[in-house]
Every structure is written in structure tokens, then in C-alpha cells.
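Structural overview
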Amino acid sequence: MAAKDFPALKNDLLLRAARGEPTERTPVWVMRQAGRYLPEFREERKHADFFTMCQTPELACKVTLQPLERFELDGAIIFSDILVIPQALGMTVNMVPGVGPQFPNPLVTPEDMKGLKRDVDVDKELGYVFAALTLTRHRLEGKVPLFGFCGAPWTLMAYMIEGGGSKNFSKAKSWLFNHAEASHELLDLITDVNIEYLVKQVEAGAQILQVFDTWAGELSHAQFSEFLLPRLTRIASSVKSKLKEKNLETVPMVIFAKGAHYALAELGQTEYDVIQLDWTMDPVEARKIVGPNKTLQGNMDPCTLYGDEDVITKSVEKMISDFGTHRHIANLGHGMHPTHNPERLGHFVDQVHKISEAKRKT
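As a starting point, this report considers the structure included with it. (Residues numbered from 1 in each chain as written. Predicted model: local features only at pLDDT ≥ 70, side-chain atom pairs only at ≥ 80, totals over all residues. Heavy atoms only, no water.)

Right, let's get into the overall build of the chain. The helix and strand tally for the chain stands at 14 helices and 9 strands. In terms of overall size, the chain behaves like a compact globule, its C-alpha atoms giving a radius of gyration of 19 Å where 362 residues would be expected to give roughly 21 Å. Dimensions of the chain, computed from the C-alpha atoms along their principal axes, are close to 60 × 45 × 45 Å. For the chain, buried positions account for 58% of its 362 residues. Nonlocal contacts in the chain, meaning residues at least 24 apart in sequence, comprise 74% of its contacts between residues at least 6 apart. For the chain, the exposed area adds up to about 14,800 Å²; of that, 48% sits on carbon and sulfur atoms. Taking the 41 positively charged and 47 negatively charged side chains of the chain as two groups, their mean positions are separated by 2 Å. (Helix = DSSP H or I, 4+ residues; strand = E, 2+ residues; numbered from the N terminus. Rg over C-alpha atoms; globule rule 2.2 N^0.38 Å. Buried < 20%, exposed > 50% of the residue type's maximum accessible area, 1.4 Å probe, protein only. Contact = heavy atoms within 4.5 Å. Areas by Shrake-Rupley, 256 points an atom, 1.4 Å probe, with all protein chains shown as cover. Lys, Arg positive; Asp, Glu negative; His and termini not counted. Charge placed at Lys NZ, Arg CZ, Asp CG, Glu CD.)

What follows is the structure, given as C-alpha cells:
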């Protein structure tokens, strides 16, 4: 299916909010909205492992659309994973049920970087993501905008060195202290691949992009400024400049530096249009820090969805009140949990629409 002649977009609330334009209600989507909390997703997982689903465009498209069939969400995000980039660089990544991602041969010393591919053919290695985006964009029939995404360089570096998740990221952080030059080299390599990957996602049909820096908050402000910020800044500026060079739309971009509350001012100076807040961040203070010209996204605590409908409604009321009715995209402060009840998410989505629309009329 060709990445052209896409159906006209019917609901552009999310894109308007990202650009700072007025909206009649607050748009809402949630991270990991296609995932294990949905019984229909679990049914698909019985027949294919995680990365097979990512690498099979028809399956990736199918599960991307599943939450849209249940909830009145204002955005879709392609079903994929941030760890497709380490795979494209030549590393093996396995998704172990009940454990998470595992790298059988992580990077132990800088010498191990010799095994990484330096000239990654993004079309060859990640063409399945682009095919899934194009297919999904057509299958959405213009219902809502489609997100593309990638993992930020530090978060990917941390996985590649730790070999999976970690409680303290001591192995990856030790590289920053003991192998600073190699760390800069690795981060730049990942950044270069990310830039090309994101541009090609837009070529394939993505209408908005998000960069996930899940482990940003594991670093000090000084380390963030030295190792992370320059790469995050370059991703946004380079993607936008390359899109212009190709005469493609410079789609809105979102940055989610989880836990990096100390970096909001710096992130506010980058070319990202939207800054995602995790649930520990105060939206009122965040707005003061980043100023009026950035859209904020978030940030209800995902665990609120374990509460009853009254608890969720009150949390949504506070969230809408704190963020205000302009330049806000409603979301959770992190992703859905596998044990969440889908009905609670449905209530969250409905209440965001109802409460934000009513607030605009008062």
C-alpha cells in the first residue's frame, strides 16, 4: 500500500492542540493504549510473540486500531517498540514474558561497540515499521492522527549496556563516568539512526512524533545537560529541517523525559512542540517554567485507573483545572499497566471530553 492518497483527517483536535491552536475540548490519548490490558490484544499474543507482532505490518496495524474500536480516543500510536533501534544496530533483543526485554549479549566495554552497525540501512532494517504506519494510516480512514515514535538515545544506550531493565542503571551510568568519549560516540550513533528513522516514519504516514526518554530521570542535571540534552535537541531540529528539505510537513514533535523535572526549562527552549509530564510533575509549575508557547501533555497517575469512577472523575477535574483549556493534550503520566481494567480507561477518556468541553463553556 502506497504512502500517499491518505484519507482526509476528520478529527484534528490533537494536532491543533500540539500547535497551540484553540480546541473545543481537550484531546486525549494514552501511552501503551494498545497493550496487554486489552483482552483482544492478549488473544493476538497467543498466536505471535511480541516482536513478530511488531514486524508483521498487518498484526501491528490490527492491534494499533484495537483501542480506537473501544474508546473515543483522539490519537492512535503505531504498535512497535523503542528497542527496534538496537535491533537495527545489530543487537539481539528478546521480549521474555513476565520479565521484559533481554539482550543476550549487551555492551560490556567500549570494545563491544565494534560489533554495532555503523551505516544502518533504515529502510532495510525497519521497513516493517514504515509498512505498518502506511497501512494503519489508510485503515484509520482519517478518524484520528497517527503517532510515530522512537526511544531517546540515553534510554536506548541504558538498555544496550544493562541488557534489560535495571533498578539503578549502574552499568550504563558507569560508562558516563569511566568511558565518556565512548558514551558520546554511542549516543551520537543512536541519535543519527533515530533522526533518519523519524523522518521516514513521517514519509510513511506518521502525523505526529514522540521521543521517549524513559530513563532520563536516572541522571543528574549535569549529566542530562552533557549527555542527553544535546542529542534530544538535535533530534528535534534535524528532523524538522530534513522534513522541510524533503518538502514534507513539519509534524508536531513531543518529548517525554520521564523524571527530568529539573530539565523543563531547557526542554522548553528546544524545537519540540509538546512536553509530556509524568505524574510527579506539577502542571501549574511546569507551565510557569516552560512558558506559554509549548503544549503540555499528561499527566494523571496511571494508578488512578485502579480507583473507582468517582476517583477517576475527580482526578480528571483536577488535571483539567491545573492544565487549563489551552495547549493541553490529556494523557497519563506514563503507560497503561497490564492489570488495568479497560472500562476504567473508557471512563477516563469520556470524562476528559465531558469536563474539558464544559469548562470551555463557563
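Moving on, there is more to tell.
What follows deals with the sheet that holds strand 7 (residues 274-276). Judged by pairing direction, the sheet is parallel, and its 7 strands sit side by side in the order 1-4-5-6-7-8-9 without closing on themselves. One side of each edge strand has no neighbouring strand; the edge strands of this open sheet are strand 1 (76-77) and strand 9 (328-332). Sheet analysis places strand 4 (residues 146-151) next to strand 5 (residues 208-213), joined by 5 bridges and oriented parallel. By the bridge assignment, Cys150 is partnered in strand 5 with Val211. Across the face of the sheet, helix 10 (residues 221-245) comes into contact with strand 5 and strand 6 (253-257) while running at roughly 165 degrees to strand 6. (Pairing = 2+ DSSP bridges. Axes fitted to C-alpha atoms, helices over the stretch in contact; angles between N-to-C directions.)

Membership of the largest hydrophobic core comes to 131 residues, with the highest contact counts inside it found for Trp154, Leu186, Phe224 and Phe348. Broken down by element, this core gets its largest block of residues, 12 residues, from helix 9 (residues 180-204). Not counting residues within four places of it along the chain, the set of residues in contact with Leu186 comprises Leu107, Met113, Leu116, Met157, Met160, Ile161 and Trp175. (Core = buried A, V, L, I, M, F, W, Y, C linked by side-chain atoms within 4.5 Å.)

On the secondary structure map, Asp74 appears in the loop between helix 4 (57-70) and strand 1. Overall, the relative accessible area of 0% leaves Asp74 in the buried class. Side-chain polar atoms of Asp74 contact the side chain of Arg25, separated by 3.1 Å. Setting aside residues up to four positions removed in sequence, Asp74 forms contacts with Asn11, Leu13, Leu14, Arg25, Thr26, Pro27, Val28, Val144, Pro145 and His353. (Polar contact = N/O pair within 3.5 Å; in protein donor to acceptor, adjacent residues only side chain to side chain.)

All buried positions along helix 4 are accounted for by Ala60, Cys61, Val63, Thr64, Leu65, Gln66, Pro67 and Leu68. Buried residues along helix 4 sit in contact with helix 2 (39-45), helix 3 (50-55), strand 1, helix 6 (122-140) and strand 4.

Of all the positions in helix 8 (residues 170-178), only Ala172, Trp175 and Leu176 are classed as buried. For helix 8, the angular spread of buried residues about the axis comes to 100 degrees, placing them on one side. Facing away from the buried surface of helix 8 by more than 90 degrees, the exposed residues are Phe177 and Asn178. Where the residues of helix 8 are buried, they touch helix 7 (153-162), helix 9 and helix 10. (Arc of directions from axis to C-beta.)

Another aspect to go through is the pattern of salt bridges. According to the stated counting rule, one finds 21 salt bridges in the structure shown. Across the salt bridge formed by Glu203 and Lys246, the nearest N and O atoms sit 3.3 Å from each other. Here Glu203, found in helix 9, pairs with Lys246, found in the loop between helix 10 and strand 6; they are 43 residues apart in sequence, far enough to count as distant. Of the residues examined, Lys246 reaches a relative accessible area of 44% and is grouped as partly exposed. Among the salt bridges present, the one from Glu285 reaches Lys288, with a minimum N-O distance of 3.3 Å. Pair noted here: Glu285 and Lys288 are both in helix 12 (residues 283-290), with a separation of 3 residues, about one helical turn. In this structure Glu285 comes out as partly exposed when scored by relative accessible area, which is 38%. By sharing partners, the salt bridges in this structure join Asp123, Lys200, Glu203 and Lys246 into a single network. (Salt bridge = Lys/Arg side-chain N within 4 Å of Asp/Glu carboxyl O.)

For the rest of this paragraph, the subject is the environment of Leu264. Positionally, Leu264 belongs in helix 11 (residues 264-267). The exposure class of Leu264 is buried, given its relative accessible area of 5%. Between the C-alpha atoms of Leu264 and Leu277, which are 13 residues apart in sequence, the distance is 9.2 Å.

To characterise two packed helices, one gives the angle between the axes of the helices and the distance between these axes. For the pair helix 7 and helix 9, the least separation of the axes is 9 Å and the interaxial angle reads 120 degrees. When the axes of helix 7 and helix 9 are compared, the crossing they make is right-handed. Here helix 7 contributes Pro153, Trp154, Leu156, Met157, Met160 and Ile161 to the contact with helix 9, which in turn contributes Ser183, Leu186, Leu187, Ile190, Thr191 and Asn194. Taken together, the residues that form the contact of helix 7 with helix 9 break down as 9 nonpolar, 3 polar and no charged. (Left-handed = near helix turned anticlockwise from the far one by under 90°. Nonpolar A, V, L, I, M, F, W, Y, C, P; charged D, E, K, R; others polar.)

Enumeration over the complete set of coordinates arrives at 0 disulfides. Cys54 provides the cysteine sulfur closest to Cys61, a residue in no disulfide bond, and the two sulfurs are 14 Å apart. Note on Cys150: no disulfide assigned, nearest cysteine sulfur contributed by Cys54 at a separation of 15 Å. Residue Cys150 is classed as buried on the basis of its relative accessible area of 1%. (Disulfide = S-S within 2.5 Å.)

Shape is all these values report; function is a separate question.
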